[in-house]
Each structure stands twice: as C-alpha cells, then as structure tokens.
Amino acid sequence: MRNDAGGLLIQINTSRAWLPHVLCMSSFHRALWLVSALLFAASLAAAQTVGAARQKELVRLVRQDCGSCHGMTLNGGLGPPLTPQALKQKPAEGLKATILGGRPGTPMPPWGAFMTEAEADWIVNELLKGFPNER
Amino acid sequence: MSARSAALAAITLTALAGCVQTELRGTGDLGVIIERAAGRVQIVDTTRETKLGAVEGLGDLSHASVVFSRDGRYAYVFGRDGGLTKVDLLRMRIDVRVVQSGNSIGGAISQDGRLIAAANYTPGGVRVFDAETLELLADIPAAYGDGSQRAKVVGLEDSAGNQFAFSLFEAGQIWVADLSEPRVPKLTKFKDVGRQPYDALVTPDGRYYLAGLFGEDGVAMLDLWHPERGVKRVLAGYGRGEQPLPVYKMPHLEGWAMAGSLAFLPAVGRHEVLVVDTATWREAGRIKVAGQPVFVMARPDGRQVWVNFAFPENEKVQVIDVETQTIVKTLVPGKAVLHMEFTPRGEAVWISARDDSRVLVYDTATLELRSLLLVDNPSGIFFTSRAFRMGL
C-alpha cells in the first residue's frame, strides 16, 4: 500500500514532539500508545492520502472503466447500478472488499492492484454520496 | 456549346444548387463515430478521412452501437439509456428518436431492412420497431425461471428469414424470434446453453449463432439452418482448468474474425486469441497476446487480425498475421483504445483512443499512421458497409 506507507511516515514524523513523553512510559503503556498512535496515523493517512490529482484519476477510472459494466452514469449495465439509492443498504466495508477483491463467480474483477485501500474507501464514500462527474 | 447556352446552363446550375444546397453524394464511404460522453455522433467520410459534421442529442452513449439501413442513408444508434435514434447521414440530423427502455445494450436490423430490434437490460427483453417510423411492433420479455424474473438480453443478431437470435445472460438461454409476421413473433427457446452468455455473433453467412460464455470456458453454438439439432458446446474447457485471469472489460464478439476456414475469438480470462477451425469447430491454435482481448477483428481480406485489449493494456493494438498465426506488430495508438473499424475493403483501419480524444487511421499494408481526427472521447466507429453484412 504505497500511499498508506507514505502517509504513515509523515504522521510519525510530525508526532516526534511526543517522543520524550513516550520514552518515560512503562513498556506496556508505550506499546499501547504506539499501537494507538499508529492506528490514528493510519486512519489519518486513509483520509488524507487521496490527493486532488489522484481523485480526478479515480473519478475517471470509475466513470470510464467501472462504467464499462456499470454504465458511465452508474445506473447499471451488465453489472448492477452503483447509485446511492442502489447501495444504501450495503455496508461500506463490503463494498470496499468487493472493489479490492472482486466477487468470485461473477464478472466483477479485483481492482486491488490499481488502488490503495484508502483510495477504495474514498470511492465507496463518494459512491454513497453520489459519485462526482468528470467535468 | 455557345457562350449564351453556357451562361444559361450556369444560371440553371446555380439555381439548382440554391434549391438542393449541397452536392449529390452517395453514402458508401460514410460512417459514424460515437462521442460517448457528449451524446453526439460525428459523421465521417472514409475516402477523404475527415469529419463532415456532428449530430447531437442522442442521450447516454456510454455503451452505444449502430446498425445501418440498407440504403446506407440512416444510422440507427442504440444508446445505453434505451434511446434509439435514427440519424440521417446526408442531412446530418435526427430523423426519429424514441426512448424504448431504461437500459439497452445494442440491436440489429432484419434481413429485409424493415425491422429494427433492440436488446435491453432493463426491462430485460427485446423490442422490435418499424425501421421507417420506429413504431413499436413487438415486445418480447426475456422472462425465465417461474416467469417473474427477467434476464438481460445480450448478443442480439439478425439472420435469414427475418429472424433474430439472442441470449439471456442470467438464464443461460438462447432464443430465436421469427418475425416474418412482425406483430406476432414466434419464439424458439434453447435452455441450459451454458453459464452467463455475455455476447454473441453470427457467421457472415448467417448460419451459425455463437454465444461466448463468461461463467465457463466455452462457446454455445446454434446452427440456424438446423435449429432442431439444438445448441452444441464448442471449445469447451479451453482454459484447461487454469484459474481465469480477471477481466477488466467484457470482450465483444460482434466483429466475427473469420479468415479462410479459421475463426479468431477472444478468450475470456486468458490473454489469448483462440483459433477455431470452422469445418470441425475444434480449437486450431491459440495466440498469446498482450492482455485480455476485447475486439478481435479480421481485415476484410482475412489476411490480418487486429486485436485491442481491456484495461490496463488498453493503449495497445496487436496485428496478427493469419498465415503464420504470429503477432507482426504491436502498436500503441493512444490511451484507452476502445474500438476499431476497417474501411469497406480494408486498406485502412480507424481506431478510437478515448482518453486522447482522437481517432487514428492506420494504413493496413504499411501499419503506419496516415490520418488523425480530433473526436471528443470517441468509442464505437461504424461504417455504412455494415449495412450489407449479416450480424452487423
């Protein structure tokens, strides 16, 4: 996860000011603190790593390439519609897993090789809100 | 001719030109290019390799296909949103337009040119229209199971006797509709033809209907001369049990690539073109290619086969030499190559590169680029020579 790792690094660097405090803690607390800091950093990374330029690429990918089965308007084709109305009952985690891993037994292929988890999260979030147009 | 009669003739000609406004021309070298995002088609001239004009207002053309009237004057454009538009290529305007369903995949024109059939996803079925007026003549719901479910219709093809053959994606069925009485279609249904037929074609003689299967390795074949013999499976298990590769865009079977007795088909989930001997319908070879093939199309003389690919290999086009069954050239025409169309006798091929907003014209003898046209997000390219070929 190229972008995740990059984002994580930045988060750890910016939290360097906390290091003296961490060093004073017991090893258990230190571990706990580190784990929660890492989790926090990861969640920030997820929210922050999809830059504007990449978002534009993802919009095109979804409209054009997902659109070849789901329709450019996402109202469905050989694949089901991806409108907020059609997706509202479906949990976001499941949608993300479908994007990244595909659905065996159906024509839905895995897209995990072409995007990070954070990017898949971003796509799911945008789909649930009503996906942006290209222009 | 005296000076006076010449002057008179000139005046008469000017007056005539004033009435007609444009010079007379035929339509045999015309075509249309879909501008998928703009809901517009460009009308092109394949002799001069130029755009002639555009027609707007065709709705959602994100998956659009076109058939032509037998006089080559009208293009029937099937839009994704169920729009069916009859475009006058000479006047460059819409003649008639109907929105005939919620979600459509394509269509066909009957042998006699009088009927237009549209294949629909939502509601799943086929609708048949009068080619002149687009008046609805017949509605064929693709009902299956207990009758309450409707399947998406794919691979709608015309054949002899004003028949249309088509496949039901979810139901795994092939139906043949005889429209010799257009308002009273007679249906013949073939069940359990294989899992998830995704597209189909008919051979140029209109005899064999072949539906590619997505859900299993193989092709379902119906001999339309002998429907009583039922649907047979050909190329069964061509994947030899290997795990299929992911398919990022469905292959299309419409461009039947037939060269001599050999046919060339895209494999599904394999980066291969399958070669089939049409005398025995057995595999006669396979050619490794750059990615998941989408269109596998033979040059009209059958000496070359051109192949484009699904994402992420969709910048490439490969040219196969039929005699040696080897790739002789890999071209990189541009970003997101979606379609290819040969000129009527195949000296050139037009290729759409969607993300570059260009159409490139290649010389098929030298494999060099000869022209470039700016077209907004081009997808399908369709020339009027299709009017005279079954299944196109």
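This text goes with the structure placed above it.
Residues numbered from 1 in each chain as written. Chains lettered and ligands numbered in written order. Predicted model: local features only at pLDDT ≥ 70, side-chain atom pairs only at ≥ 80, totals over all residues.

Turning our attention to the interface of chain B and chain A. Contacts between chain B and chain A engage 19 residues on the former and 17 residues on the latter. Class assignment for the residues of the side of chain B that touches chain A results in 10 nonpolar, four polar and five charged. (Contact = placed C-beta atoms within 7 Å. Nonpolar A, V, L, I, M, F, W, Y, C, P; charged D, E, K, R; others polar.)

What follows concerns the pairing of strand E31 (residues 348-353) of chain B. Residues and elements named next belong to chain B. Most of E31 sits out of view: five of its six residues are buried. The antiparallel hairpin formed by strand E30 (residues 337-342) and E31 contains five residues in its connecting segment, where Gly346 sits at a positive phi of about 85 degrees. With six bridges joining them, E31 and strand E32 (residues 358-363) adopt antiparallel strand pairing. Bridging across to E32, Ala348 finds its partner in Asp363. Between E31 and E32, which pair antiparallel and follow one another directly, the connecting turn spans four residues, one of which, Ser357, has a positive phi of 50 degrees. (Buried ≥ 20, exposed ≤ 12 C-beta atoms within 10 Å, placed from the backbone. Helix = DSSP H or I, 4+ residues; strand = E, 2+ residues; numbered from the N terminus. Pairing = 2+ DSSP bridges.)

Residue and element names in this part refer to chain A. A bend of about 30 degrees at Leu61 is the largest found in helix H4 (residues 52-70). In this structure, the buried side of H4 is in contact with helix H7 (117-129). Positioned one or two residues after H4, Gly71 has a phi angle of 90 degrees, which is positive. (Bend = angle between axes of the 7 residues up to and from the residue.)

It is worth spelling out the sheet that holds strand E20 (residues 219-223) of chain B at this point. Residues and elements named next belong to chain B. On the basis of which strands lie adjacent, the open sheet formed by four strands has the order E18-E19-E20-E21 and antiparallel pairing. A strand with exactly one partner marks an edge of an open sheet, and here the two such strands are strand E18 (197-202) and strand E21 (231-234). Across the sheet, the mean angle separating the axes of adjacent strands is 25 degrees when strand polarity is ignored. Two strands pair when backbone bridges link them, and E20 and E21 are joined in this way by four bridges, in the antiparallel orientation. Opposite Met221, over in E21, you have Lys232 as the bridge partner. (Axes fitted to C-alpha atoms, helices over the stretch in contact; angles between N-to-C directions.)

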